[in-house]
Structures are given as structure tokens and as C-alpha cells.
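Fold and contact review
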Amino acid sequence: MPLYLLHFAQAHNDFRLPELASVAELLGISYTLPEKDEDRDPTRPYMVVELETEEHAKMLARRCILIKAAYEFYAQGPSYEVLHEANRKCEPLWRKYVEDTSFKFLVTAYSHKIPMERQRDAIETFAYMGFLGKIDMKNPEITMVCFEEYKDRTQTPRQRNEGDGDFRQIFFGRLIEEGSARPLVRHFDVKKRLFYGNTSMEAEVSLLMANQSLASSPTFRYLANPGKLVYDPFMGTGSMAYPSAHFGAMVFGSDIDGRQMRGKQQTPGVVRAASQYGLASRIMDLAVFDITRNPLRCGELFDAILTDPPYGVRAGAKRLGRKKSLPEYKKELSRQHRLAPDPEDRPYIPPTKPYELSHLVTDLVLFARYVLKPGGRLVFFLPTVTDEYEEVDVQTMLCNGMEVIANSLQDFGSWGRRLVTIKKTTAEKYYPPTFEDREMVTKDEHVPAHKDFREKYFQGFRKVEIETPQVAFREG
Amino acid sequence: MVRLITHNLLACHAKDCNTNNFPLEFKDIQLEIREAEFNSDFLKGFMPKLEWKALVDTARQLGDTSLPLEQPEMVDDGFLKSLHHVLLEIHVEEGSMTCPNCKHVYPILNGIPNMLLAEHEIG
Ligand SMILES: C[S@@+](CC[C@H](N)C(=O)[O-])C[C@H]1O[C@@H](n2cnc3c(N)ncnc32)[C@H](O)[C@@H]1O
Ligand SMILES: [Zn+2]
């Protein structure tokens, strides 16, 4: 299969290959990664992959949030000599442009600035290609780029133009497609959204989640709704919903706290934000309920669940009920309240009790198995204390028929969060989960590192200003 | 919102309320009709999930009689258009939904139903 050079954004490195895998699956594209580990190292900006056609490279660049651009791959090497030797060998790939194709030629660098003069010299070394077409810097028919890859500056600090020529590898190819999904990161910028709160998820991560879910349209006519239904049971201000809706899905959202979804104006905040993006009609509905006390009549409803569970730092997990059960006379008072609700206190908000994260996550997976269609995906965040994290953590949350297919770390130093993608691999029917209290963890049971995350967080494995778990909104 | 597609998925979930707890009855409602994008795949995919009688009855209560009493075996465009309108374009903005069995009232405020239970209703 022909080779293509992908230029990746240096962000969320751990998400790169899972995103590529998901998008390729969605679009029905098969690809082969480079064999050597160092050539597929996601901390490096360039990667050469095998694809069936150029069209596939374009499709990936239009859909992967982390792809900056795709190129037809010509040659690479640790030095210009090696690169040129390889480039001569692949002449059949570029010969057709020699005669009279207008072109632009760039030599550029990752993590370095090449002095002008040497850029010119480097371009000169390609003279043997003998391009006869006119040079056109504005509207060329083709653009060829030569990338010098330098070591990451964060690892070896140095001046921007220090160590010129000291590159690790050079790549050369012809531009096929600039990544057009990446600008969505700005399009969905939280700060420009009409409604957001202190639990909102940054746009780039929400977009990556949407791509992990596969619940979107494989075409690029976003208005072509693919008929998928996505659910966020911890909807909050709805950050996960907008990218999914943009990619074509209908979204249903619920939250135990209606204020998180409503904000302060009459039109619910989530609807206002969705309208801003032209996606209001793709918000199927919003509802207020506790995931552990849910009114869903049946299962197998959703193609994907995309969610950021409450892990207690910014919005503590709660569930209906009290820590201790109430004495009878108090229950009676509550009953009275229900029968004659205070009009000012509408809707009645029942008391809630804390919900330990590892219980919540185990419940979430069971719940997802019930409400997802066979083949559906659960994509969610799991906070974890980095030092204590073991691979088994994710495994302890699983139940039959739910398999982890991706697990990417977003590293914040002393803590991190993992974006976990779980697929429902069973078509068996299940009863709705009972969400019974699991107060005790028996001794020989593995205690995952995300257990009591909130406590550990507050004990200060990370020094940060902790936002109060109150409702806080910004309205635009 | 609340659209009838969602209404068709919500049952009363109060403790020990397991029979005759669906469909919830709309009361004192305000409706809005809003156009939605038509997608036949979505509708066809959703049809097996619908409680047909509940949908037809509810639509009729709200004044829409376009759906046949029996879910048809063969679906044509006209039928899908009606189904689309009933499921996705009728929005209940205010009012409430009452459980036919235990009479729990779930209020709807600005299009969002409050499905929370009170303390004594939790199992
Ligand atoms: C981390 S926030 C999600 C934020 C959301 N992604 C956003 O964009 O704002 C978690 C949400 O879960 C809600 N929540 C907590 N416990 C819940 C429960 N038992 N059932 C449903 N929602 C719950 C909180 O009210 C909060 O809005
Ligand atoms: Zn009931």
C-alpha cells in the first residue's frame, strides 16, 4: 500500500493512536502503522502510515482532531544524503509534476527555526528533481514540504535557532490535505460559548471523545444525520454533547442537578449553547434524574454514552438518599412536603448523599451495558492518581460483555485522567442494574487507585486552587 | 422538549411502582411545534423501541391523529413523515407528567422534566 506522511498536533499524545483507530473504523479505512516503536512514538510529530488511497489520507485529515496535515510520502532520512537517495528512488511518484505543474517548496522544522540562508541552501539540494513549472507561493498546484525534526525543546532547552542542522530525522512529501477537523477546537472553544460552567470540558478533549464514540456520520456533510443516538448521564453544561451533535448524532442528556443544565435564563443553557452552533434540534431532550434512580423504561437505546462522571473535585458525586436513613417522623415530614410542595421550592430537590467514585464507575459500566445497543461504546473519564495507577484499575470496573478498547492518559503531573473507551461486545439482554449500595470493599478485592479520589485530592497530592463544588455559571 | 420520543421512554420509577406506571399522563401542558431535521434511518432504527399504543394515545391526546393504531409492517414516506412529526417536532414546554399508578407528579419546567424522586419513594 502507498505511504502517507501524517503531521500531528503535539497535544494529547496518548490519544493519537486511539483516535486514528476509531476514525479509521468509522470511515472504513484500513491502515498500517510503522513497524518500529520509535517510528510510531506519539511524542514525535510525524508518522508515516500505509493507506490504500490518497482519498483515505484526505478523509482522515478531515476528521481526526489531532492531524494537522496529510502528505504523500516521498522520503525520509537522518541526513539529506540519505533522504535524497530515497527520494531519487521514488521518482515515479513525483515525475508527473516535473513538466509543467506550478509548485511551492518549503523547508521547515519542528521545534526549531532554520535560518533563512540555510533554508535556501536546503531547497537547492532538491534541484535534481528538475521541476520546470512555475513557482507559485500563493496558489500552487502542488506544495512540497521538507520537515526537519528536532528534539523537543522541553526536554533539551535551547534557543530557537541554536543547534541548527542537529535534527533527528528529515521527512519529505507532497501536501494532500490540511487537517480541517482541528479548527473545530476553536469553533467549540468553551470561553466563546453562550453557556458554560466550572465543570465544562475543554473543546479539544470533547471532540476527541466524540471521535472515540463512533456515533457519528461517516460522511462530511455534517447535516447528514446518521441516525445515531448519544447519551450523557452526567450532562452538566453539556460539553460532550456539542461535538457529537456536530458530527451528526442526536444527544440525550440528564443530570441530578437541573441547574447545571439550565443556568439562569429561561431557555436552558444547554439549548442556548447548542443553538449557537446551529445544533439545537439535535439535543433530543434533557431530563433531571439520578443515574442510580433512572426512569428509562427499557435498555439498548443508545449508540454511545459519552460522559465525564462526577469525580468529586469540581462537582462531587451524589446520589439520592441520605447517608443514614431517616427516622420515621422525618420521612413523614418529607412526605408532607411532597404532597404540598412549597411553590418557591419547585422543583422539589430531595436530599442526596455522597457516591464513592469506584462504586460509581462500576455502576456506570453496568448501566452502560444495559442502555447501550450491542456494539455501542461507553467513552468516559476516569481520574487517577498517577503513581498508584495500575493497569488492573480499568479491568476491575468491567463486567461480562464490556471490553476496554482504548485507555489514554491525560497527564497533569501528580494526577491524571484516563479517557477510557469500552465497547459492548455482547448482544445478550440484561436486567437494569440495581445500583445497590456497596459500602464495603472486601479485603482480597483489588482497591483501584481512583478509590476515594476526592479524599486524596483534598489531602493534596496536587497543589491547586480547588474550585468549590457550588453551582457556578457564566452566561453570555 | 419534552418530545414524545422521550416521553415514550420514561416510566414512573418510584419504589414499588412497577405496573401500570407507563405512559405518564401529561397535565396542564404548553406545547410548541418546532421543525426538526428528517432522518428516516433514525426513525426506522427507533421504531422497534417504541411502545406504539402509548405513542398513539399520547399523540391523540395532544391533538395529533396522524398515526395509525397499529404500527405498520411496511413503512412508506408518508408514514415516516407523520412519525417524524410526532416523535421529534412536538415539544411539551411546561406542565407535568403524572404516574397513572402511584400518581407521582413529575413537573416540566422550561422543557426539562424533573424525574427526581422524593425520599420515601426510593427503594
Ligand atoms: C464532572 S460534571 C460533568 C460536566 C459536564 N461534562 C459539563 O460539560 O459541564 C458531573 C455532573 O454529574 C452530576 N451528578 C453527580 N451525581 C450524579 C448522579 N448520581 N446522577 C446524575 N448526575 C449526577 C453533577 O450534577 C455534575 O453536573
Ligand atoms: Zn408511579
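Residues numbered from 1 in each chain as written. Chains lettered and ligands numbered in written order. Predicted model: local features only at pLDDT ≥ 70, side-chain atom pairs only at ≥ 80, totals over all residues. Heavy atoms only, no water.

- The name recorded for chain B in an unreviewed UniProt entry is Multifunctional methyltransferase subunit TRM112-like protein, from Crepidotus variabilis.
- In its Sequence similarities (unreviewed entry) section, the UniProt record describing chain B reads: "Belongs to the TRM112 family."
- Here chain B is described in UniProt, under the heading Subunit (unreviewed entry), as follows: "Interacts with TRM9." (UniProt positions renumbered as here; feature names shortened; annotations may be inferred.)

- As annotated in an unreviewed UniProt entry, chain A carries the name tRNA (guanine(10)-N(2))-methyltransferase and comes from Crepidotus variabilis.
- Its UniProt record gives chain A the following Subcellular location (unreviewed entry) comment, quoted word for word: "Cytoplasm".

Concerning the overall build of chain A
- Tallying secondary structure elements over chain A gives 14 helices and 18 strands in all.
- Counting across all 476 residues of chain A, residues that qualify as buried make up 55%. (Helix = DSSP H or I, 4+ residues; strand = E, 2+ residues; numbered from the N terminus. Buried < 20%, exposed > 50% of the residue type's maximum accessible area, 1.4 Å probe, protein only.)

Regarding the coordination of the zinc ion (ligand 2)
Residues and elements named next belong to chain B.
- Protein ligation of the zinc ion (ligand 2) involves Cys12 (SG), Cys17 (SG), Cys99 (SG) and Cys102 (SG), the donor distances falling in the range 2.2 to 2.3 Å.
- Coordination geometry of the zinc ion (ligand 2): the 4 donor atoms subtend angles of 101 to 116° at the metal centre, consistent with an arrangement described as tetrahedral.
- Read N to C, the donor residues that coordinate the zinc ion (ligand 2) are spaced as C-x4-C-x81-C-x2-C. Of this pair, Cys17 sits in the loop between helix 1 (4-7) and strand 1 (25-33) while Cys102 is found in the loop between strand 2 (90-98) and strand 3 (105-109), placing the two residues 85 residues apart along the sequence.
- By relative accessible area, Cys17 is classed as buried at 4%. (Donors = N, O, S within 2.8 Å, 3.2 Å for Na, K, Ca; no water. Tetrahedral: all angles 85-135°; square planar, octahedral: opposite > 155°, others 65-115°.)

Re the packing of helix 1 (residues 16-27) of chain A against helix 7 (residues 203-213) of chain A
All names here are of chain A.
- At a minimum axis separation of 8 Å, helix 1 and helix 7 run at an interaxial angle of 45°. With respect to each other, helix 1 and helix 7 are oriented oblique. At the point where helix 1 passes helix 7, the crossing takes the left-handed sense. Within the contact between the two elements, helix 1 uses Pro18, Glu19, Ser22 and Val23 and helix 7 uses Leu208, Asn211 and Gln212.
- For the contact of helix 1 with helix 7, the residue count by class is 3 nonpolar, 3 polar and 1 charged. (Axes fitted to C-alpha atoms, helices over the stretch in contact; angles between N-to-C directions. Parallel < 35°, antiparallel > 145°, perpendicular 65-115°, else oblique. Left-handed = near helix turned anticlockwise from the far one by under 90°. Contact = heavy atoms within 4.5 Å. Nonpolar A, V, L, I, M, F, W, Y, C, P; charged D, E, K, R; others polar.)

Describing the sheet that holds strand 4 (residues 112-113) of chain B
Residue and element names in this part refer to chain B.
- With antiparallel pairing, the 4 strands of this open sheet are ordered in space as 1-2-3-4. Across the chains shown, the open sheet's two edge strands, defined by having one partner strand only, are strand 1 and strand 4.
- Pairing analysis gives 2 bridges linking strand 3 to strand 4, with the strands arranged antiparallel. Looking at strand 4, one finds that Ile108 is bridged to Pro113.
- Helix 4 (residues 77-89) rests against strand 1 and strand 2 of the sheet, and its axis sits at about 60° to strand 2. (Pairing = 2+ DSSP bridges.)

A few points about the sheet that holds strand 4 (residues 67-77) of chain A
All names here are of chain A.
- The sheet built from 7 strands is open, its strands ordered 2-3-1-4-7-6-5 with mixed pairing. Both outer strands of the open sheet, strand 2 (31-32) and strand 5 (103-110), are each paired with one neighbouring strand and no more.
- With 8 bridges joining them, strand 5 and strand 6 (residues 142-149) adopt parallel strand pairing. Bridge pairing in strand 6 links Ala109 to Glu148.

A short note on the interface of chain B and chain A
- With 40 residues of chain B at the contact, the number on the chain A side is 46 residues.
- At the boundary of chain B and chain A, one finds 2 salt bridges.
- For the salt bridge of Glu37(B) with Arg282(A), the shortest nitrogen-to-oxygen distance reads 2.5 Å.
- Summed over the shared surface of chain B and chain A, the number is 17 residue pairs in polar contact (both at pLDDT 80 or more).
- Of all elements in the fold, only helix 1, helix 2 (40-46), strand 3 and strand 4 of chain B reach the threshold of two or more residues within the side of chain B that touches chain A.
- In terms of residue count, the dominant contributor to the side of chain B that touches chain A is strand 3 of chain B (4 residues). (Salt bridge = Lys/Arg side-chain N within 4 Å of Asp/Glu carboxyl O. Polar contact = N/O pair within 3.5 Å; in protein donor to acceptor, adjacent residues only side chain to side chain.)

Some points on the pairing of strand 17 (residues 415-424) of chain A
All names here are of chain A.
- In terms of burial, strand 17 is largely enclosed, as 9 of its 10 residues are buried.
- With 9 bridges connecting them, strand 16 (residues 402-411) and strand 17 associate as antiparallel partners. Note that in strand 17 the partner of Asp411 across the bridge is Gly416.

A closer look at the packing of helix 3 (residues 52-61) of chain B against helix 4 of chain B
All names here are of chain B.
- At a minimum axis distance of 11 Å, the contact between helix 3 and helix 4 shows a crossing angle of 75°. Classified by the angle between their axes, helix 3 and helix 4 sit roughly perpendicular to one another. Residues Trp52, Leu55 and Ala59 of helix 3 pack against Phe79, Leu83, Val86 and Leu87 of helix 4.
- Partitioning the contact of helix 3 with helix 4 into residue classes produces 7 nonpolar, no polar and no charged.

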